[in-house]
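Observations on the model geometry
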Amino acid sequence: MNAATLRPWLLVIGTMALGVPAIAIRIISPDLPVLGETAIFGLGILAAAFLLGGAAEVAQRDIPPALSLAVLAFVAVLPEYAVDLLFAWRAGTDPEQAQFAIANMTGANRLLIGVGWAFVLFLFAFKTGGLRALFRGLTDWAPQRGGGRRPSAGTLLHLPHTISLEITVLAVATLYSFLIPLKGNISLIDTVVLASLFGFYLFRLFRHPREEPEIGGPAAFIARLPKWRRRATVCFLFAFAAGAIVASAEPFADGLIETGTEFGVDEFLLVQWVAPFASESPEFLAALYLVWRGMASAGMAVLISSKVNQWTLLIASLPIAFSISGSTFSGLPMDGRQQQEVFLTAAQSLFAVLLILDKRLSPKAAVVLLGLFLGQFLVIDSTVRWGFSFAYLALAAFLFAGRFRDIPGVVREAFTGPAESETHRS
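Residues numbered from 1 in each chain as written. Predicted model: local features only at pLDDT ≥ 70, side-chain atom pairs only at ≥ 80, totals over all residues. Heavy atoms only, no water.

**So, the overall build of the protein**
Counting its secondary structure elements, the protein contains 16 helices and six strands. Of all 426 residues assigned to the protein, the portion counted as buried reaches 56%. Partitioning the intrachain contacts of the protein with sequence separation of at least 6 by distance along the chain shows that 83% fall at a separation of at least 24. Roughly 17,900 Å² of accessible area belongs to the protein as shown, and the carbon and sulfur atoms make up 67% of that amount. (Helix = DSSP H or I, 4+ residues; strand = E, 2+ residues; numbered from the N terminus. Buried < 20%, exposed > 50% of the residue type's maximum accessible area, 1.4 Å probe, protein only. Contact = heavy atoms within 4.5 Å. Areas by Shrake-Rupley, 256 points an atom, 1.4 Å probe, with all protein chains shown as cover.)

**Details of helix α16 (residues 407-416)**
Taken as a whole, α16 has its buried residues at Val410, Glu413 and Ala414. Angular distribution of buried residues about the axis of α16 spans 105°; they occupy a single face of the element. Away from its buried face by more than 90 degrees, α16 exposes Pro408, Arg412 and Thr416. (Arc of directions from axis to C-beta.)

**Points about the side chain of Gln348**
Locating Gln348 in the fold gives a position in helix α13 (residues 336-355). According to the relative accessible area criterion, Gln348 is buried, its value standing at 1%. Here Gln348 is in contact with Asn109, Arg110, Ile113, Gly114 and Tyr392, once residues within four sequence places are set aside.

**Considering the nonpolar core**
Grouped burial of nonpolar side chains is what soluble globular proteins tend to show. In terms of nonpolar packing, the biggest core is built from 100 residues, with Trp117, Ile186 and Leu332 touching the most fellow members. Element by element, the count of residues in this core is highest for helix α5 (residues 98-139), at 17 residues. (Core = buried A, V, L, I, M, F, W, Y, C linked by side-chain atoms within 4.5 Å.)

**Considering unusual backbone geometry**
Where the residue is not glycine, phi is negative for most of them; where a peptide bond is considered, it is trans in most cases. The phi angle at Ser29 is positive, at roughly 50°, despite the residue not being glycine. Looking at where Ser29 falls in the secondary structure, it is placed in the loop between α1 (3-28) and α2 (34-59). In this structure, Ser327 takes a positive phi of about 50° despite not being glycine. Looking at the element boundaries, Ser327 is found in the loop between α12 (296-326) and β5 (332-333).

**Re the environment of Ile45**
Counting through the fold element by element, Ile45 comes out in helix α2. It is 5.9 Å that separates the C-alpha atoms of Ile45 and Pro282, two residues lying 237 residues apart in sequence. Residues within four places of Ile45 in sequence aside, it is in contact with Ser248, Phe252, Ala278, Ser281 and Pro282.

**Points about the packing of aromatic side chains**
Within the structure shown, the criterion is met by 13 aromatic pairs. Relative to Phe284, the ring of Phe277 has its centre 6.4 Å away and its plane inclined at 75°; by these criteria the two rings are edge-to-face. By relative accessible area, which is 46% here, Phe277 ends up partly exposed. Seen in terms of ring centroids, Phe343 and Trp386 are 5.4 Å apart; in terms of plane orientation they differ by 55°. Their pairing is tilted. (Phe/Tyr/Trp six-rings, centres within 6.5 Å; stacked < 30°, edge-to-face > 60°.)

Just distances and angles here, no functional claims.
Take a look at the structure:
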């Protein structure tokens, strides 16, 4: 085996080696300092993110790109499932845990859009032309025929032509989610509705056409392997990454919470923001890895697919865990605070759906997403939460007024498949 052949394998094995200590520690449970364990589990999540990004690239040789990105999004979001379902399960016997299940779910969803989407756009602008392109994307607007102004073409991120499916499913789930705070619980009826939406999403993904991907780095070497070896390697990488994520997610989140508690930080806020930031990090890092590799549209598609996943299947799973643990058919309860949180998250989701309706995003969208998120994150007050909710709704109404003509085409593509003439590459 020559150096050119050996180098890609050493990179893959070296990345996997970063995740091995996390799995080993979870199995043997040695007595280590909290900070040390947290750092090791963090490295495990980091390693899994890079493995997922490479595996998703190679998987596009054998399955539709949209499906491979959805698989990446699903595996990357496993930590969020592990943490949130744990709180929902505990809530079955300890009602106090219900608030943490809702807090973790809403925090994760808002982080995904407010931070994840924003940083993908920032990195895309930076990769396009460095800091100058980034600042130009934030400030430079070119004239648009017929009046008004639009971002200059060089700063626009065009989303994949297959994204209509995610937009449609996310829109339906978002509109339905406004009913949840009105009921005051997340019930098994919600499970049926949202799980059915996710089932439709998967069904349509399997029908997407397969395309020849552009692959580089170690992933390109794996992609050139014979079919059975390539597929076995991709399955192994996905499985190893999933194992590292499942092993690392809960202790990493608990370690962060324990560390924060020692510094006097409120436990509810830790569950809502610190734990989700830890559990969302694999998909954030995997998406940023794809952007850095020159696949910005694919990186954004991963986070959009993750949002669909969390806003349908994750919410649908919570009442099941709660019902089995508590031996009850009643829904996961919410108090006034949790109802506000769900409403605010639904409002942000509606704004995000309309933001990507025309399948184009600019760095200025990142400023709005991140600015609104930081505003609600830094100021904790019931009135402020309602204020941000209606701010999102007002912005959504503004976008709807200018983009409602795009809706029929997007919905049609979700059911019939994208037109080849509308293919965009970033």
